[in-house]
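The lines below spell out each chain.
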Amino acid sequence: MNSINPTPASMALGDDFVVNEMIQNFYALKREDLTQKDLFDPRRDIDKECGWPVYITNLEYKLLYDRNPIANRVISLMPSECWVTQPEVYENKEEDPTEFEEAWKALPSQLSSGNSWYQPGNSEGNKIWSKLHQLDEISGICSFGILFIGFDDGLPYYESVLGVEEINSAPQSAVDETSKEPIKNLQLVANSESGVYKLTTNVEKTEGRKLTFLRPLPETQVQIESYETNISSPRYGKPTSYLLDLTEAADTAHAAQGAPVSSFSVHWSRVLHVAEKTVTSEVFGTPRAQQVFNNLLNIRKISGSGSEGYWSNAFPIINFGTHPQLGADVTLDRDNLKAEMDAVYNKLKRYIATSGLVADPIQLDIKDPTPFIDIEIEQICIKEGVPKRIFLGSERGELASSQDARAWNKRVMLRQKMYVSVEIISEFIDVMIQSGVLPEPESFSIEWPDLNNQTETEKVDIGLKRTEAMSKYVLGGAGEIMTEFSFYTLILGLSDEDAQTIIEENDAEEPEEEEEDIRLTLTKGQDDE
């Protein structure tokens, strides 16, 4: 059994490193060590019997995302829901746009490969949102994803962006010099002797900087080459260099067709690193499919066995037997019988000719796999916190209850504000400002549309119901037991201001109606005379 005790080297570095190493050693314990305790049933290994893996590799996550529709839905669900609308980025709410706002609006045009006459409106998508949406999705396939950012600074990718200058950076290699493979169980050595870390921007060198491309990449195409170890740096423990592979390892078909195959080092200032559901690390998050991986494998087995079972049993099995009167001393022409059956099953022939044989079909019971798949999908929905109809993509319109839809929208809006805005959009804009692509504003804000805003159909339906309620209130004499103001606010759910406005308008119309009644009465009296 592995020991969780700290090493003398880590004890010399202080309490923080002792605790950190003990945590790492605990999670490095073999699964067999844990099964010896009371955490699992000691009588059997359920994971092994069910074919569930102990450790899941990044390539397995990626292959499941590429080939399994349910796994793809698990990974793409939240990003797709969050990016169904686009946010507004602004410096202030004044009518005249600022220099920053003008530059932000024009930024997507820098990504055009040639002349483009497309000018997206405020509610339309653009290439910036498209790339950030892709980054949001692929960063959840494994434990992180990156956005490789191209600038027109003319420097090699392994160097810092021109004008972005680091002082006293202390990178530690994460790659073995001999094998060129990542170092397993890498222990970062805290560096306190490199001096105070500083990150500055030379405005003269970054002036007029342009964006040339954005390339989202999953972890399967990225290898971290080194980490920052200067403890005075706000980037302590974060990558300082990446090795990128622009050809997917699992996509050899494209490589065979002449797609470029290249690996090269890239400086961190040219990369936006995104990791969701980070727990103890700011570099590695939790893959979105990790906690439902077993369920996804179960669905794969059930779906595969269901289709294979149907294929095998769609045609009845024929049991050929000789007539009992012939006895056991019978020679069966198996080759001729096989040829006859092959012509029936694989060709257009619909009869068989036998002599002395009795053909008895064996009826097989084909099970419907739907209930078993539903159980797995329900467990996935429980983990994701999503109504089942929304997960299946059938929630639109009246198919999902308004309560479910509003609760789900609140969860989506929470992720938009707490994760997408903070960890993706704002970080991307900061990189653009730091590199000189965007001018430096006093500050900027990100505002998302309210997903629970009523549609036109919902507004008409609510208006009709409120009108019916008001009519019953007046005709039923409910005003004797409830004031108008209370009825409008407590029953109809109107705001105090809206209720007061309606009451004032009614009071203003009443004198006019009384004057009209008096005029009609006087006129009638004159006519009678």
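Below or above, wherever it landed, is the structure these notes cover. Here the structure is a predicted model, which means the values were calculated and not measured.

## A short note on the packing of helix 5 (residues 58-67) against helix 6 (residues 69-82)
The geometry of helix 5 relative to helix 6 is characterised by a closest axis approach of 6 Å and an angle of 105 degrees between their N-to-C directions. Classed by the angle they form, the pair helix 5 and helix 6 counts as roughly perpendicular. Residue-level contacts link L64, Y65 and R67 of helix 5 to P69, A71, N72 and I75 of helix 6. Considering only residue class, the contact of helix 5 with helix 6 consists of 5 nonpolar, 1 polar and 1 charged.

## Side note on the nonpolar core
Ranked by internal contacts, the top residues of the largest apolar core, which has 63 residues, are L132, L211, F428 and M432. No other element matches helix 15 (residues 402-434), which puts 12 residues into this core. Formed by 17 residues, the second largest nonpolar core is a distinct cluster that contains A174, L217, Y242 and V283.

## Regarding the packing of aromatic side chains
Overall, the coordinates contain 12 aromatic pairs when judged by the stated rule. Relative to F444, the ring of F100 lies with its centre 5.9 Å away and its plane at 25 degrees, an arrangement referred to as stacked. With a gap of 344 residues between them, F100 in helix 7 (residues 99-106) and F444 in the loop between helix 15 and strand 13 (445-447) connect regions that are remote in the sequence. Take F100: its relative accessible area is 2%, and that puts it in the buried class.

## Section: a nonpolar patch on the surface
Taken together, the side chains of I317, I362 and L364 define a hydrophobic patch exposed on the protein surface, amounting to about 230 Å² of accessible area. When you line up the elements, I362 lands in strand 12 (residues 357-362). Judged by its relative accessible area of 38%, I362 is partly exposed.

## Concerning the packing of helix 11 (residues 293-313) against helix 13 (residues 370-384)
When two helices pack together, their arrangement is given by the angle between the helix axes and by the axis-to-axis distance. In the contact formed by helix 11 and helix 13, the axes pass within 9 Å of each other and the chain directions differ by 165 degrees. One element, helix 11, and the other, helix 13, form an angle in the roughly antiparallel class. Considering only the axes of helix 11 and helix 13, their crossing is left-handed. Facing N295, L296, N298, I299, I302 and S303 of helix 11, the residues of helix 13 in contact are F372, I373, E376, I377, Q379 and I380. In terms of residue class, the contact of helix 11 with helix 13 is built from 7 nonpolar, 4 polar and 1 charged.

Here is what the cut-offs are and how they apply
Residues numbered from 1 in each chain as written. Predicted model: local features only at pLDDT ≥ 70, side-chain atom pairs only at ≥ 80, totals over all residues. Heavy atoms only, no water. Axes fitted to C-alpha atoms, helices over the stretch in contact; angles between N-to-C directions. Helix = DSSP H or I, 4+ residues; strand = E, 2+ residues; numbered from the N terminus. Parallel < 35°, antiparallel > 145°, perpendicular 65-115°, else oblique. Contact = heavy atoms within 4.5 Å. Nonpolar A, V, L, I, M, F, W, Y, C, P; charged D, E, K, R; others polar. Core = buried A, V, L, I, M, F, W, Y, C linked by side-chain atoms within 4.5 Å. Buried < 20%, exposed > 50% of the residue type's maximum accessible area, 1.4 Å probe, protein only. Phe/Tyr/Trp six-rings, centres within 6.5 Å; stacked < 30°, edge-to-face > 60°. Patch = residues over 30% accessible without salt bridge, like charges linked within 9 Å, V, L, I, M, F, W, Y side chains within 5 Å. Areas by Shrake-Rupley, 256 points an atom, 1.4 Å probe, with all protein chains shown as cover. Salt bridge = Lys/Arg side-chain N within 4 Å of Asp/Glu carboxyl O. Left-handed = near helix turned anticlockwise from the far one by under 90°.

By themselves, these observations are geometric and do not establish any function.
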